[in-house]
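Chain by chain, the residues:
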Amino acid sequence: MQTGTALIYDEEMTKYKLLWVDPACKIEVPERLTVSHEALVKNGLVDRCVSVPVREATDADILLVHSEEYLEAVKKTPFMTLEDLMEFTQQYGDVYFHPNIYHCAKLAAGAALQLVDNVMTGKVRNGMALVRPPGHHSMRSAANGFCVFNNVSIAAQYAKQKHGVERVLIVDWDVHHGQGVQYCFEDDPSVLYFSWHRYEHQKFWPQLRESDYDCVGKAKGAGFNINVPWNKVGMQNTDYLSVFFHVLLPVAYEFCPDLVLVCAGFDAAIGDPEGEMCATPDIFAHLTHLLMNLADGKVCAVLEGGYNLTSLAQSVCQTFQTLLGDPTPLPVNLDGPCQSALESVHCVRSAQKPYWSCLKHAADLPTFELSTKRIKVVEEEERTEKVEEEKNTEEIVWPDPPKRVSPCVRTAVVLPDGVDCPDGCKRFTDLHPDPLLGKKLENILKDSNDSDALSTLSSLTALIEKMETNKICNGLVLVRDVSMAMMCVVQHAASLNKRALIVCVANEAIPIDLTDDGKTIMVHFSSKESEEQKGKYYIPVCLKKGCSDTSGIMQAVLGLVLPLGYQYNPDLVLLVRMPDCRISESVWQQLIGILQGLAQEHTLVLMQENEKASVTPSASTLLGNPAPRLGPLQGPQSDDVEALERLRQKLQSDWTLLQTTAPDSR
Ligand code: Q9C
Ligand code: ZN
C-alpha cells in the first residue's frame, strides 16, 4: 500500500513576471507561489511531504498536446526583446510572455509529469505540484489566460502512454473553464473532463458558447466532457458540494478512473478578484477528500489559478492537509444550493443523462425555456450596457480556517480476545468502567448479568467520550449483539448532547425506536420494503437485491446519504453492519472512507463479533488508506432507482441539499 504525499515546487517558477502594463494580467504574480509555499512551511506541511524535484518537460512531452509550430515559436521567446515579446503576446488572449517564461513553462509541465511518475510507480500515494505558469487555458497552438503549456493535459496523455493508464478523470475546480483541456479530450472517452466555471450566460471570460452545459463531448467522447456553468457570482460551499454529490461523484464512480488529475485553481474561493465566489478555503478539504477514494487514492493536483493571496495560501494548505490524511474540518454554511446553482445542476444532469446510467432517472429540462433563457439574458445585458465598476475583493474578509489537529490515536479497536489488533491501530479497553453503567443501560441490556456484554458496552461508551475530547479519532468495535450496541451508542451520544448520523446496513428490519428529536438521524439500508418513512430523522432505504447491489448502494450513498450527512452535520458518524447484510467488503470500505469527511472523521464502525475477516479492511480505511475501487459500475435496478428518487423527492423539502432540480427555472 503506497503512502506519502508528494510536494513538487521549485523557486525558479517565481522568476518571471509581467513587464508592461496590462490590467488583464496584473493579477498573475510570482507571489502566488511564494505565499503558498511559505504557508506550507509555516504550517509544518512541507516537512510532512515527500519533496520531489521538478524537471523540464521534453519536446516529446510537450508535443503530446501542442503543435510543433507553437512549440518552436515559444522556444524563441527567451531571446526576444521587450518589444518582440509584447508583439508576440498580442496574438493570444489574456497572457504575457517574459524571457524566462519558456523555462518556467517547461518546469511547470515537467512538475506535473514528475507527480504522475511518482504516483503511478507507487513512490507516493498522492501529491500536488505548485507551478507557474498555469496550464488549463492553453491550446494546441495558442497560449491563453496566463497559460503557456497545458500541464494537466500533457500529464493525462503521458499517464496513458507511459504508464498504460486506461481511464483518467480530470477535475477542474478552477473558477475558469479550462477550454484547452476540453478541446484536447473532447472526442476521447478515456479522459473524463469535469469543469465548473463562472459563466454568467456567456458574459464571463473566455465567453465561449462551448463552455455551456450542453457541450458534452463529441463522437466516441460524448458524455466524457462535463461543464457546469455558474450563471451567478457568489456561489457558496453548499453549491459546490451539491455539484459534487449530484453530478461529479456519481459519474466518477461509474467511470472508475485509474488516475485522478485535478486542475487545482483556487480562484473559486472567497476573496478572489476573478471568481467573485464565496466558498471558504476549507471547502477544498472536502472536495479533495471526496476524490481520495477514487482510483485507489491516486490523486495528483496541479496548481492553476488563485489570485487572492490570502485565500490562495489557505486553500493550498487545506488541500495538502487533506492529501496528507488529516481529518477534514467540519463543513460550514450548508443551507442548500441557491436557485441558480440548482438550475445548473438540473441542466447538466439532464444533458448528461443519455451517457451515464447513474443519471438515467434524472429529470428532463423544460428545454425551450432554458435554452432561450441564455439568449434572452445575453440580449438584455447588451441593451443595458453596464458600467464595469472596479470591485475591491481585497477588502472581503472571512474567518481563518480552524486549525486541524490530528488526535494522537487515529484508530482504536475493541475486539474480542483472540482477534489480533490490526497494524497501526490501538487496542482499547475502558480502564475505569462506570459502576452505574449497567443501571444506565438497563433499558437496552437484555441480561443485566451479562458481564461480557457490559464490558464491551463500557469500552464503547468510553471510546465515544475519547472521540468527543479528540483523544481518539475513530474506532472499530466488534460486538456480539449489534443492535444492542447501536442503541447504546445512540443513547450515550444523546446524553453527551452529540448529534449522530447512523448508517445501518442490514437485510431485515431492525428493532429500533428512535425519537424524532433530531439528536440522531438514521439511514437504514435493507432489502425489505418498510412501512412509511417515520419522520424527518429515520430514513429507510430499500434495495431489492439488498446491499449486495453495488451500484444501487453507491447511488444511495452519493446522492442521498452524503447530502443528508453534510446538511445534518453530525458530531459522530456511526456505521453499523448487521451480520445478515451481504454488503461487499469494498463497498463497505467505500462507505467508511467517504463518510469520514463528516464529523472531523469521528467515525465509529460496529460489526458482529464473528466478522473477523472484515477487521483488517475496515481498520485500513479508518486509518486513512483509500478504499479499493469498485470497478466501472453498471446501472442500478430501475425499480430501486425509482424508489430512491421518490424518497429523495419526499425528503428534499426538509433537506435542501438533496435537491437536483430547479422548480421554477422559467
Ligand atoms: N479581469 C487562470 O486562472 N482574464 N487563468 C483576466 C481580468 C483572464 C485566468 C481578465 C483570466 C485567466 C489559470
Ligand atoms: Zn482560473
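Conventions and cut-offs
- Residues numbered from 1 in each chain as written.
- Chains lettered and ligands numbered in written order.
- Predicted model: local features only at pLDDT ≥ 70, side-chain atom pairs only at ≥ 80, totals over all residues.
- Heavy atoms only, no water.
- Helix = DSSP H or I, 4+ residues; strand = E, 2+ residues; numbered from the N terminus.
- Rg over C-alpha atoms; globule rule 2.2 N^0.38 Å.
- Contact = heavy atoms within 4.5 Å.
- Lys, Arg positive; Asp, Glu negative; His and termini not counted.
- Charge placed at Lys NZ, Arg CZ, Asp CG, Glu CD.
- Domains from an automatic or database assignment.
- Buried area = accessible area lost by both parts, 1.4 Å probe.
- Salt bridge = Lys/Arg side-chain N within 4 Å of Asp/Glu carboxyl O.
- Polar contact = N/O pair within 3.5 Å; in protein donor to acceptor, adjacent residues only side chain to side chain.
- Near = heavy atom within 4 Å.
- Areas by Shrake-Rupley, 256 points an atom, 1.4 Å probe, with all protein chains shown as cover.
- Axes fitted to C-alpha atoms, helices over the stretch in contact; angles between N-to-C directions.
- Parallel < 35°, antiparallel > 145°, perpendicular 65-115°, else oblique.
- Left-handed = near helix turned anticlockwise from the far one by under 90°.
- Pairing = 2+ DSSP bridges.
- Buried < 20%, exposed > 50% of the residue type's maximum accessible area, 1.4 Å probe, protein only.
- Expected span 1.5 Å × (residues − 1).
- Donors = N, O, S within 2.8 Å, 3.2 Å for Na, K, Ca; no water.
- UniProt positions renumbered as here; feature names shortened; annotations may be inferred.
- Phe/Tyr/Trp six-rings, centres within 6.5 Å; stacked < 30°, edge-to-face > 60°.
- Lys NZ or Arg CZ within 6 Å of the ring centre and 35° of its normal.

> What am I meant to see in the overall build of the protein chain here?
Summing up its helical and strand segments, the protein chain has 19 helices and 16 strands in all. For 666 residues, the compact-globule estimate of 2.2 N^0.38 gives 26 Å, and the protein chain sits close to it at 25 Å. Along the first, second and third principal axes, the C-alpha atoms of the protein chain reach 90 × 55 × 45 Å. Look at the contacts in the protein chain between residues 6 or more apart in sequence, and 78% of them connect residues 24 or more apart. Positive and negative side-chain charges in the protein chain, numbering 60 and 87 respectively, have mean positions lying 3 Å apart.

> Explanation requested: the domain arrangement of the protein chain in the structure shown.
When the parts of a complex come together, some accessible area is lost, and that lost area is often taken as the interface size. According to the domain assignment, the protein chain consists of domain 1 (5-15 + 27-384) and domain 2 (474-657). Relative placement of domain 1 and domain 2: their C-alpha centres are 32 Å apart. Across the domain 1/domain 2 interface, buried area totals approximately 3000 Å², and carbon plus sulfur atoms make up 57% of it. Contact with domain 2 buries surface across domain 1, with Phe245, Tyr253 and Asn293 losing the most and accounting together for 21% of the total. Our enumeration of links across domain 1 and domain 2 arrives at 2 salt bridges. Put simply, Arg629 and Asp296 hold a salt bridge, and the shortest N to O gap is 3.2 Å. Here domain 1 and domain 2 share 18 residue pairs in polar contact (both at pLDDT 80 or more) between them. Residue assignment for the side of domain 1 that touches domain 2 shows that the elements contributing at least two residues are α8 (237-255) and α9 (283-291).

> Help me understand the site of ligand 1, please; the structure alone is not making it clear to me.
Neighbouring ligand 1 are 14 residues, the closest being Asp94, Gly145, Asp267, Glu274 and Tyr307. At 3.2 Å, a side-chain N or O of His176 approaches an oxygen atom of ligand 1. With respect to ligand 1, the side chain of Asp267 contributes an N or O atom lying 3.1 Å from an oxygen atom. Relative to its free-state accessible area of 410 Å², ligand 1 is covered by the protein chains to the extent of 83%.

> Explain the packing of helix α17 (residues 585-595) against helix α18 (residues 615-622) to me, please; I cannot follow it from the model alone.
Two quantities define a packed helix pair, namely the angle between the axes and the distance from one axis to the other. The geometry of α17 relative to α18 is characterised by a closest axis approach of 9 Å and an angle of 25° between their N-to-C directions. Classified by the angle between their axes, α17 and α18 sit roughly parallel to one another. Handedness of the α17/α18 crossing: right-handed. Residues Glu585, Trp588, Gln589, Ile592 and Gly593 of α17 form the contact with α18, whose participating residues are Pro617, Ser618, Thr621 and Leu622.

> How should I be thinking about the sheet that holds strand β13 (residues 520-526) in this particular structure?
In any sheet, the strands associate via hydrogen bonds between backbone groups, in a parallel or an antiparallel arrangement. Read across the open sheet, the 8 strands follow the order β10-β9-β11-β16-β15-β12-β13-β14; overall the sheet is parallel. The sheet is open, and its two edges are formed by β10 (426-427) and β14 (538-542), each paired on a single side. In this structure, strand β11 (residues 472-479) lies alongside strand β16 (residues 603-608), joined through 5 bridges in parallel fashion. Residue pairing across strands places Gly475 opposite Leu604, the latter belonging to β16.

> What exactly am I supposed to notice about the pattern of salt bridges here?
Two side chains of opposite charge can pair, provided their charged atoms sit close to one another. Summed over the entire model, instances satisfying the criterion amount to 27 salt bridges. Its salt-bridge partner being Glu56, residue Lys106 comes within 3.4 Å of it at the nearest N-O pair. Note that Lys106 is positioned in helix α5 (residues 101-120) and Glu56 in the loop between β2 (50-52) and α2 (59-62), a separation of 50 residues in sequence. The exposure class of Glu56 is partly exposed, given its relative accessible area of 37%. Arg410 is the partner of Glu601 in a salt bridge, and the nearest nitrogen-oxygen pair spans 2.8 Å. In this pair, Glu601 is assigned in the loop between α17 and β16 and Arg410 in strand β9 (residues 409-414), connecting sequence segments 191 residues apart.

> Could you clarify how one ought to interpret α5 in this entry?
At 3.6 residues per turn, the α-helix brings residues three or four places apart onto the same side. Between its first and last C-alpha, α5 extends 28 Å over 20 residues, near the 28 Å set by a 1.5 Å rise per residue. Positive backbone phi, at 80°, marks Gly122, one or two positions downstream of α5.

> I would appreciate a short explanation of the coordination of the zinc ion (ligand 2) in the present structure.
The textbook angles at a metal center are 109.5 degrees for a tetrahedron of four donors and 90 or 180 degrees for an octahedron of six. Summarising the metal site, the zinc ion (ligand 2) is bound by the protein donors Asp174 (OD), Asp174 (OD), His176 (ND1) and Asp267 (OD), whose distances to it range over 2.0 to 2.6 Å. The sequence motif formed by the donor residues of the zinc ion (ligand 2) is D-x1-H-x90-D. As far as the burial class goes, Asp174 and His176 line up, both buried.

> What am I meant to see in the side chain of Asn144 here?
Relative to the elements of secondary structure, Asn144 occurs in the loop between β3 (126-129) and α6 (151-163). A distance of 2.9 Å separates the side chain of Asn144 from the side chain of Gln179, its partner in a polar contact. The contact partners of Asn144, leaving out residues within four places of it in the chain, are Gly93, Asp94, Val95, His137, Ser138, Met139, Gln179 and Trp205.

> Would you explain the UniProt feature "domain: Histone deacetylase" (unreviewed entry) in the protein chain in this entry?
With numbering aligned to this structure, UniProt lists the feature "domain: Histone deacetylase" (unreviewed entry) at residues 28-322. Summarising residues 28-322: 39% helix, 13% strand, and an end-to-end C-alpha distance of 26 Å.

> Where do I start with the side chain of Gln555 in this structure?
With respect to the helices and strands, the residue Gln555 is situated in helix α16 (residues 550-568). Polar side-chain contacts of Gln555 include one of 3.2 Å to the backbone oxygen of Cys358. Once residues within four sequence positions are removed from consideration, Gln555 is found in contact with Cys358, His361, Leu560, Pro636, Val641 and Leu644.

> In this structure, what is going on with the packing of aromatic side chains? I would like to understand it.
Remark: the centre distance and the inter-plane angle together describe each pair of aromatic rings, the angle taken between the planes. Scanning the entire structure with this criterion turns up 24 aromatic pairs. When the centroid spacing of 6.3 Å and the interplanar angle of 80° are considered together, the rings of Tyr102 and Phe149 count as edge-to-face. A residue pair is termed long-range when its members are at least 10 positions apart, and Tyr102 in helix α5 and Phe149 in the loop between β3 and α6 qualify at 47 residues. Judged by its relative accessible area of 0%, Phe149 falls in the buried class. The ring of Tyr16 has Arg132 sitting right over it, with the charged end atom 3.9 Å from the ring centre. Taking NZ or CZ as reference, Arg499 lies 4.1 Å from the ring centre of Tyr568, over its face.

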